[in-house]
Amino acid sequence: MYDWHEIGALDDIPRLGSRVVQTPHGDVAVFRTADDQVFALRDRCPHKGGPLSQGIVHGHRITCPLHNWVLELESGQAVAPDVGCATHYPVRLENGRLWLGLNNVVSLPTTAPRNRLKGRVRR
Amino acid sequence: MKERLVLVGNGMAGMRTVEELLAIAPDKFDITVFGSEPHGNYNRIMLSPVLAGEKTVDQIMINDLSWYAEKGIRLHAGHAVVDIHRARREVRAADGTVASYDRLLLATGSNPFILPIPGNDLPGVIGFRDIKDVETMLAAARTGKNAVVIGGGLLGLEAANGLMKQGMQVTVVHVLDTLMERQLDPVAADMLRANLEERGLRFLMGAQTAALLGEERVRAVRFKDGLEIPTDLVVMAVGIRPNFELAKQIGIYCERGIVVNDTMQTYDPRVYAVGECVQHRGQCYGLVAPLWEQAKVCANHLARYGIGRYQGSVTSTKLKVTGIDLFSAGSFNGGPGCEEIVLRDPARGVYKKLVVKENRVQGAVLYGDTVDGSWYFQLLREGTDIGAFRETVLFGHAHMADSGRDGFSVMTMADDAEICGCNGVCKGAITKAIAEKKLFTLDEVRAHTKASASCGSCTGLVEQLLAATVGTIGKTPAEKPMCKCTEHSHDMVRAAIREQHLTSLAQIFEALNWKNPDGCHSCRPALNFYLISTWPSEAKDDQQSRFINERVHANIQKDGTYSVVPRMWGGLTNPQELRAIADVADKFQIPTVKVTGGQRIDLLGVKKEDLPKVWADLNAAGMVSGHAYGKSLRTVKTCVGTDWCRFGTQDSTGLGVKLEKMTWGSWTPHKFKMAVSGCPRNCAEATIKDFGVVCVDSGYEIHVGGNGGIKIRGTDLLCKLATEAEVKEYCCAFMQLYREEGRYLERTAPWIERVGLSYVKSRIVEDEENRKALCARFLESQQYAQIDPWAERAGGRVDAHEFQPLQRVG
Ligand code: SRM
Ligand SMILES: Cc1cc2nc3c(=O)[nH]c(=O)nc-3n(C[C@H](O)[C@H](O)[C@H](O)COP(=O)(O)OP(=O)(O)OC[C@H]3O[C@@H](n4cnc5c(N)ncnc54)[C@H](O)[C@@H]3O)c2cc1C
Ligand code: SF4
Ligand code: FES
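Residues numbered from 1 in each chain as written. Chains lettered and ligands numbered in written order. Predicted model: local features only at pLDDT ≥ 70, side-chain atom pairs only at ≥ 80, totals over all residues. Heavy atoms only, no water.

**Q** Would you take a moment to explain the overall build of chain B for this structure?
**A** Along its length, chain B carries 24 helices and 39 strands. Counting the 810 residues in chain B, one finds 55% classified as buried. In chain B, of all internal contacts separated by at least 6 residues, the share reaching a separation of at least 24 is 62%. (Helix = DSSP H or I, 4+ residues; strand = E, 2+ residues; numbered from the N terminus. Buried < 20%, exposed > 50% of the residue type's maximum accessible area, 1.4 Å probe, protein only. Contact = heavy atoms within 4.5 Å.)

In C-alpha cells, the structure reads:
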C-alpha cells in the first residue's frame, strides 16, 4: 500500500518544529515532538488550508498558524469542538534515518475537498 | 494504596473543595466526609427562598446521597466529629465511628451568635443557619401568629421577609438606628426600611433586648426600657461566629478562626481548613464567593500541584428579598481622602452611591437599580482609573459610548447582533451555547463558539454575556490563569521568573509545575517574551515558542506566502531604496507592492524559500527588517516638520528617526507604535499611538497609551518636555515600564487603563531616579536586541531549516 521514501535524519527537524517534504501530491509536513517522536500530516489545515508546518508544536499536537485550530499529530483529527481532519502518513525511524510512507493507490486531490468545509457548522 | 482524605463539615466550602479535587485528581484520595446535618450537601444561601416559600428543600440540594455513593465517597451524615487524634491521625464521631487520614480538611462553618440574655435557651428561640432552623420557623408559622427577628442585617431581613410571607406578623428589632449598617449607608438604609414597612414589616430601631420571657416556650420579648411584646418565635440574626471549637480543642492554632496560610494550610501541615471557620490574613469571611476561591486553591494543594495562592477577597452583597433591588460592595462609608458620587431619583426609587478615592472605586451602594452592580464591582476589584468616564459612571455601563473600550451593555443587544466580528458569532449563538452546554469559563465559550478566540477584542462582551447568563461569581481577571497549562496568572509567573531567577522555559515548567510538559501555543510565546525581557543577557530566545511571523521575520498570508516590509526610518526613503525595492519585486516576481498604513512599503506574496534572497538584496541596499510581524517596536510615523512645513515647530522627522534608531528591535508585550507630529495639527496621528510626541513652540508634549485599531483610544498626556534628549529618555523609560509590567498581548491602551495614568506618572515623571534606571535597563537590553534578523538569515547562518524543504520525493 505504501511507498517508503527516505526523507532525512531526525536532527534535520528541530525539536518542537517541523519541515516540509514536497511530493507530487502536495506538501507533507513532518513534525518532531519534544519526546523525539515524528509525525507527518498533509500540510493543509482542514479549516482554511493553512500551512500546518508553520504552526506551533506542543505535546502531540499542532496549532495552525492561521486561526489557531489545534490538531492531533497522530491522527490529523481536529481537537474538539472543531471538526475536521488532515490526512496523516506513517513515518519510520530506522538507524537515525526517517522514512515517509506515501499511499500509492489513491492519489490526493490538490486542494482541500470542499465537503470538509461544508461539514463544519458555520458560526 | 490511595491516600486518605477526611473532611469534617459537609457544607458549602468543604464539599466545593472535594468537587474541585475530584475534577483535577479524581483518583488520588479515598474520601470520607463527616457532617452533623443529616442531609447531603445543600446550597445554604437558598434557605431564604425556601423560607419564603419560593423554593423547596429538594431544589436546593447540590449533591444528594446517591451522588456520594456514585463518587465512592463515604458520607457519615448526621454524625458530628467530637475528637481528633493528630498523632494517630484519627477522627472520631459522636457515635464512635472512627476514620484515619493522611490529609484532614476542616470546614466546620460558623454558628449563629446567640445573645447572652436570660431566656435565650427557651424552645422557640433559634438562629437562621440550617434546614432544621427553617423547619422550626415553618412549624411556628403554622401554629403561631407573631415573630420577632433580632438583628436588622442581611440575614435578619431575609428571615423576617420569609416569615412574613408565611403569614406571620413580624417585628424586626435592631440596636442601631439604620438597617444593614455593614452594607448600607443611612440613605439607602432608610429607603429599604420604608419599602419593607410598606410590605408589612414592623421595626423597632435603637432597641436593646433585655430578656426573653416564657416558661415552656418563648412568649414575649422584654427591652431595656421595659417595653414587652408578645411573640411565638424569636430568630436571632445578630451575627455569626466562626466554628473552630474542634480545632482549638485539638491544639491547632486559632485566633478569631482557624489560622491558615495562603495555601489554606493550618499550623499542622497535614490539616487544611476552608470556609467560614478560617481566618486568613486576619480576615474571616461570611459569603460564598471567597470560599469558592479558597476551595480551588486548597484542592490544588491537596492534589499536590502545589500551585495557586489564596490572597484574600473583596466581597459584594445582594439582598435576596424578591422585589427589592439592593447591592453593596467595598467600603461605602468613605474615609480620609474619599469622595462620594451620588445619584438620587426619588421618583423612580433609585439611589446610587460610589465612594471614590483618587479616581478609583472603593465602594458602592445601589438601591432600586442594581444592573450595574457587577460592573462597579469589577471596577472596584480591578482598581480601574475611572477618570475618563467619571461624569457618566453613575448612569451605568449601558450609557458608555460604544466606541470606547467598555462598550455598551451587551444584554440590551438583539440575539442576532454580531458579537465576534472575526468569526461571525452572534449573541444568540453564545448565550445558547452557554446555557445548553453549561459553559462556565471564557475558554469554554471560545472553544465551543469561537467567539473571542481570534483578535480578542470582543472578550469583554463575551465575559458580560457569561456573567449575565451564568451568574456573577467570578475571579478578578488579574488572577485568571495564563492558560490551561497552569493555575498561575501572568503576573504570578512574571514574579516567579524574576524572583526565582528562572531563565529558560524548562525551568519555568519545572518550578511552577506546568501541567503540559511543553506548554501550549498560548503560554509558550508569552513565557518566551517574559524570559527575554527579564533576563536579556541570559535567556535564550526560543524560536519554537514564537508565532510563525516572529520565527521567520515576515507576515504569513492566507495562501501561505509571506509579506516583507523593510524599515524606513521615520517614514523616510530615498531613490536608492526605492530602486532596490523595485528590483526585488521584479526579480522574485512579487505580485503586490503596497504603501502601508504605517508609512512604509509592503511586498506581498513572497514565497517562503525566496525570503532569505529577498532580504539579502534589501540588506545590500542598506535596509533592515521592519518588524511589521512582531510584538515589538513597529513604526515611528512622522510628518515633515520644520524642514518643509510652514507650521512646523520642531524637527519632527529628525526626532522620529532618532527614536526609531534607538528603539528598533526591542520586543514588547504587544506591538508598540510611535509617531512624532511637528505641530498640534498632528498629521502623524501621534495621539493614537502607544507613544506619541506632539511638537509645540516651547518643546514636546508626550502622549501615551493611544490605540488606533480595533477599539480606538486617544492618548493621555504624560507631560511636557523641553529637549530631544529628555524625549528620548522618557521614551525608553516608558517602553521599559511597559515591557516589565504589561501582560503579554496587552497593548499600552488597556495596560494604562488597568494601572492608571497616575501610576505611570509616578514611576516616570515624578521619580527621576526610577526613570533613569528604567531607561538604563532598556538600553542595556537593546544591546542584545538590535541585531538585524534578516541579515542573520540572509546569509544562511541562522535557521536555514526554516526556509528549505526537507526533501523532494517522487
Ligand atoms: C500592512 C498593514 C496594512 C496596510 O497595508 O497598510 C497592516 C497589516 C496587518 N495588520 Fe495592521 N497593518 C498596518 C497598519 C496598521 C495601523 C496603522 C498604523 O500603524 O498607523 C493600525 C492602527 C494603529 C494601531 O495599531 O493602533 C493597525 C492595526 C492593526 C491591529 C489592531 C491593533 C489593536 O491593538 O487594536 C491588528 C491586530 C493585532 O495586532 O492583533 C493588526 C494586524 C495586522 C496584520 C498583522 C494581521 C495579521 O496578523 O496578519 C496584518 C499583516 C498584513 C501583512 O502581512 O503585512 N493591525 N494596523 C499596515 C502595516 C504598517 C507597517 O508599515 O508596518
Ligand atoms: C440563610 C442564609 C442566607 C445566606 N445568603 C447568602 C448570600 O446571599 N450570599 C452569600 O454569599 N452567602 C450567603 N450566606 C452565607 C453562606 O451560606 C456561607 O458563607 C457558607 O455556607 C459557608 O460555608 P461553610 O462551608 O464555611 O459553612 P457551612 O456551609 O455552614 O458548612 C459547615 C458544615 O459543617 C458542619 N459541621 C460543623 N461542625 C461539625 C463537626 N464537628 N462535625 C461534623 N460536621 C460539622 C455543619 O453542620 C455544616 O453543615 C447565607 C447564609 C445563610 C444561613
Ligand atoms: S485591516 Fe489589517 S488585519 Fe484587517 S484585513 Fe486589512 S490588513 Fe488585514
Ligand atoms: S486554516 Fe488552520 S486554523 Fe484556519
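Once you've had a look at it, read on.
**Q** Can you walk me through the overall build of chain A in this structure?
**A** The number of helices and strands found in chain A is one helix and 10 strands. With 123 residues in all, chain A has 46% of them scored as buried. For chain A, long-range pairs separated by at least 24 residues make up 45% of all intrachain contacts whose partners lie at least 6 apart in sequence. Accessible surface for chain A amounts to roughly 5,900 Å². Of this, 49% is attributable to carbon and sulfur atoms. (Areas by Shrake-Rupley, 256 points an atom, 1.4 Å probe, with all protein chains shown as cover.)

**Q** Please explain the site of ligand 1 as it appears in this structure.
**A** Residues and elements named next belong to chain B. The environment of ligand 1 is made up of 21 residues, and the closest members are Gln557, Gly597, Lys671, Lys673 and Gly708. Within the side chain of Asn707, an N or O atom sits 3.1 Å from an oxygen atom of ligand 1. Here an oxygen atom of ligand 1 sits 2.7 Å away from a polar atom, N or O, in the main chain of Gly708. Class assignment of the residues belonging to the shell around ligand 1 gives a composition of two nonpolar, 11 polar and eight charged. (Near = heavy atom within 4 Å. Polar contact = N/O pair within 3.5 Å; in protein donor to acceptor, adjacent residues only side chain to side chain. Nonpolar A, V, L, I, M, F, W, Y, C, P; charged D, E, K, R; others polar.)

**Q** In this structure, what is going on with the pattern of salt bridges? I would like to understand it.
**A** Two side chains bearing opposite charge may form a pair once their charged atoms approach each other closely. For the structure shown, the criterion picks out 51 salt bridges over all chains. A salt bridge links Glu746 of chain B to Arg754 of chain B; the shortest N-O distance between them is 2.9 Å. Given the relative accessible area of 11%, Glu746 of chain B is considered buried. Residue Arg754 of chain B is classed as partly exposed on the basis of its relative accessible area of 22%. One network of salt bridges, in which partners are shared, links Asp11, Arg15, Arg32 and Asp36 of chain A. (Salt bridge = Lys/Arg side-chain N within 4 Å of Asp/Glu carboxyl O.)

**Q** Help me understand the packing of helix 20 (residues 724–741) of chain B against helix 23 (residues 768–785) of chain B, please; the structure alone is not making it clear to me.
**A** Each pair of packed helices gets described by two things: the angle between the helix axes and the distance between those axes. All names here are of chain B. Axis separation between helix 20 and helix 23 bottoms out at 8 Å; the angle between their running directions is 80°. Taken together, the axes of helix 20 and helix 23 are roughly perpendicular relative to one another. Here Glu729, Tyr730, Cys732, Ala733, Met735, Gln736, Leu737, Arg739 and Glu740 of helix 20 lie close against helix 23, whose contacting residues are Arg771, Lys772, Leu774, Cys775, Arg777, Phe778, Leu779 and Ser781. (Axes fitted to C-alpha atoms, helices over the stretch in contact; angles between N-to-C directions. Parallel < 35°, antiparallel > 145°, perpendicular 65-115°, else oblique.)

**Q** What is the right way to read the environment of Ala776 of chain B from this model?
**A** In this structure, Ala776 of chain B sits in helix 23. The partly exposed category is assigned to Ala776 of chain B, whose relative accessible area is 44%.

**Q** I keep staring at helix 15 (residues 523–534) of chain B and nothing clicks. Help me out?
**A** Taking 1.5 Å as the rise per residue, helix 15 of chain B with 12 residues should run 16 Å; its terminal C-alpha atoms sit 16 Å apart, in good agreement. Of all 12 residues making up helix 15 of chain B, 11 are buried, and the element is well covered by its neighbours. What helix 15 of chain B keeps buried is the set Cys523, Arg524, Pro525, Ala526, Leu527, Asn528, Phe529, Tyr530, Leu531, Ile532 and Ser533 of chain B. Lining the buried residues of helix 15 of chain B we find strand 5 (56–58) of chain A together with helix 13 (490–499), helix 14 (505–511) and helix 20 of chain B. (Expected span 1.5 Å × (residues − 1).)

**Q** Looking at this structure, how should I read the packing of aromatic side chains?
**A** Remark: the centre distance and the inter-plane angle together describe each pair of aromatic rings, the angle taken between the planes. All names here are of chain B. Applying the stated criterion to the full structure yields 15 aromatic pairs over all chains. Both rings, one in Trp615 and one in Trp790, keep their centres 5.4 Å apart while their planes meet at 10°; by these two values the pair is stacked. Taken together, the residues Trp615 in helix 18 (residues 611–620) and Trp790 in helix 24 (residues 789–794) connect sequence positions 175 residues apart. Here the aromatic rings of Tyr738 and Trp751 are separated by 5.5 Å at their centres, their planes lie at 50°, and the arrangement is tilted. (Phe/Tyr/Trp six-rings, centres within 6.5 Å; stacked < 30°, edge-to-face > 60°.)

**Q** Would you mind going over the sheet that holds strand 10 (residues 97–103) of chain A with me for this structure?
**A** Backbone hydrogen bonds are what pair the strands of a sheet, in a parallel or an antiparallel way. All names here are of chain A. Pairing in this open sheet of three strands is antiparallel, and the strands run 1-10-9 from one edge to the other. The open sheet has two edge strands with one neighbour each: strand 1 (2–9) and strand 9 (91–94). Averaged over all pairs of adjacent strands, the angle between strand axes in this sheet comes to 30°, irrespective of strand direction. In this sheet, strand 10 lies alongside strand 1 in antiparallel orientation, the contact comprising seven bridges. (Pairing = 2+ DSSP bridges.)

**Q** Help me understand the interface of chain B and chain A, please; the structure alone is not making it clear to me.
**A** Often the size quoted for an interface is simply the accessible area lost on bringing the parts together. On the side of chain A, 36 residues touch chain B, which itself brings 33 residues to the contact. Carbon and sulfur atoms make up 56% of the area that chain B and chain A hide from each other, which totals about 2,800 Å². Together, His521, Leu806 and Val809 of chain B form the three largest contributors to the area buried by chain B at its contact with chain A, with a combined 27%. Between the two partners, chain B and chain A, sit one salt bridge. A salt bridge links Asp82 of chain A to Lys450 of chain B; its shortest N-O distance comes to 2.8 Å. Connecting chain B to chain A are 15 residue pairs in polar contact (both at pLDDT 80 or more). (Buried area = accessible area lost by both parts, 1.4 Å probe.)

**Q** Help me understand the sheet that holds strand 26 (residues 350–357) of chain B, please; the structure alone is not making it clear to me.
**A** Residues and elements named next belong to chain B. Strand order across the open sheet formed by five strands is 23-24-27-26-25, with antiparallel pairing between neighbours. A single partner strand is all that each edge strand has here, and the edge strands are strand 23 (316–318) and strand 25 (338–345). Neighbour to neighbour, the strand axes of the sheet diverge by 15° on average, direction disregarded. Note: strand 23 against strand 24 (residues 326–330), three bridges, orientation antiparallel. Opposite Lys318, over in strand 24, you have Phe327 as the bridge partner.

**Q** Explain the side chain of His670 of chain B here, please?
**A** Its location among the elements puts His670 of chain B in the loop between helix 19 (652–663) and strand 35 (672–677). Those residues within four positions of His670 of chain B in sequence are excluded, and the remaining contacts are Lys631, Ser632, Tyr738, Leu745, Glu746 and Arg747 of chain B.

**Q** What should I look at first to understand the nonpolar core in this one?
**A** Nonpolar side chains in soluble globular proteins generally cluster together in the buried interior. In terms of nonpolar packing, the biggest core is built from 51 residues, with Ile84, Leu104, Leu106, Ile258 and Met264 of chain B touching the most fellow members. By size, the runner-up hydrophobic cluster in this structure holds 49 residues, among which are Trp514, Ile548, Val564 and Ala585 of chain B. (Core = buried A, V, L, I, M, F, W, Y, C linked by side-chain atoms within 4.5 Å.)

**Q** Please explain the packing of helix 13 of chain B against helix 15 of chain B as it appears in this structure.
**A** Residues and elements named next belong to chain B. Contact pair helix 13 / helix 15: the axes reach a minimum separation of 10 Å and the direction vectors enclose 40°. Put simply, helix 13 runs oblique to helix 15. Crossing handedness for the pair helix 13 and helix 15: right-handed. In this structure, helix 13 contributes His490, Val493, Arg494, Ile497 and Arg498 to the contact, and helix 15 contributes Ala526, Leu527, Phe529, Tyr530, Leu531, Ser533 and Thr534. A breakdown of the residues in the contact of helix 13 with helix 15 according to their chemical character gives seven nonpolar, three polar and two charged. (Left-handed = near helix turned anticlockwise from the far one by under 90°.)

**Q** Quick question: what am I supposed to make of empty space enclosed by the protein here?
**A** If a probe the size of a water molecule is rolled over the atoms, the empty space left behind becomes visible. Residues and elements named next belong to chain B. For the coordinates displayed, the defined rule picks out two cavities of 30 Å³ or more. Taken together, Pro525, Asn528, Phe529, Ser545, Arg546, Glu550, Lys631, Trp667, Thr668 and Tyr744 make up the full set of residues lining the second largest cavity. For the lining of the second largest cavity, the leading source of residues is helix 15, giving three residues. For the lining of the second largest cavity, the per-class residue count stands at four nonpolar, three polar and three charged. (1 Å grid on protein atoms, 1.4 Å probe; cavity = no way out; pocket = protein on both sides within 12 Å on 5 of 7 lines; lining within 4 Å. Points joined across faces, edges and corners; volume = space filled by probe spheres on them.)

**Q** Sorry, what's going on with the pairing of strand 25 of chain B here?
**A** Regular strands place their side chains on alternate faces of the sheet. Residue and element names in this part refer to chain B. With eight bridges joining them, strand 25 and strand 26 adopt antiparallel strand pairing. Paired with Leu343 across the strands is Lys352, a residue of strand 26. Hairpin connection, strand 25 to strand 26: the antiparallel pair is bridged by four residues, and Gly349 has positive phi, about 70°.

**Q** What's the story with the pairing of strand 4 (residues 38–42) of chain A in this structure? I'm lost.
**A** All names here are of chain A. Across the five residues that make up strand 4, a large majority, five, are buried. Judged by which residues are buried, strand 4 turns out to be covered on both faces: Val38, Ala40 and Arg42 on one side and Phe39 and Leu41 on the other are all buried. Relative to strand 4, strand 3 (residues 26–32) is paired through five bridges, and the arrangement is antiparallel. Bridge pairing links Val28 to Arg42 in strand 4. Hairpin geometry of strand 3 and strand 4 is characterised by an intervening segment of five residues between the two adjacent antiparallel strands and by a positive phi of about 60° at Asp36. In the sheet, strand 4 pairs with strand 8 (residues 88–89) via two bridges, with the strands oriented antiparallel. Counted as the bridge partner of Ala40 is Tyr89 from strand 8.

None of the figures reported here should be taken as evidence of function without further support.
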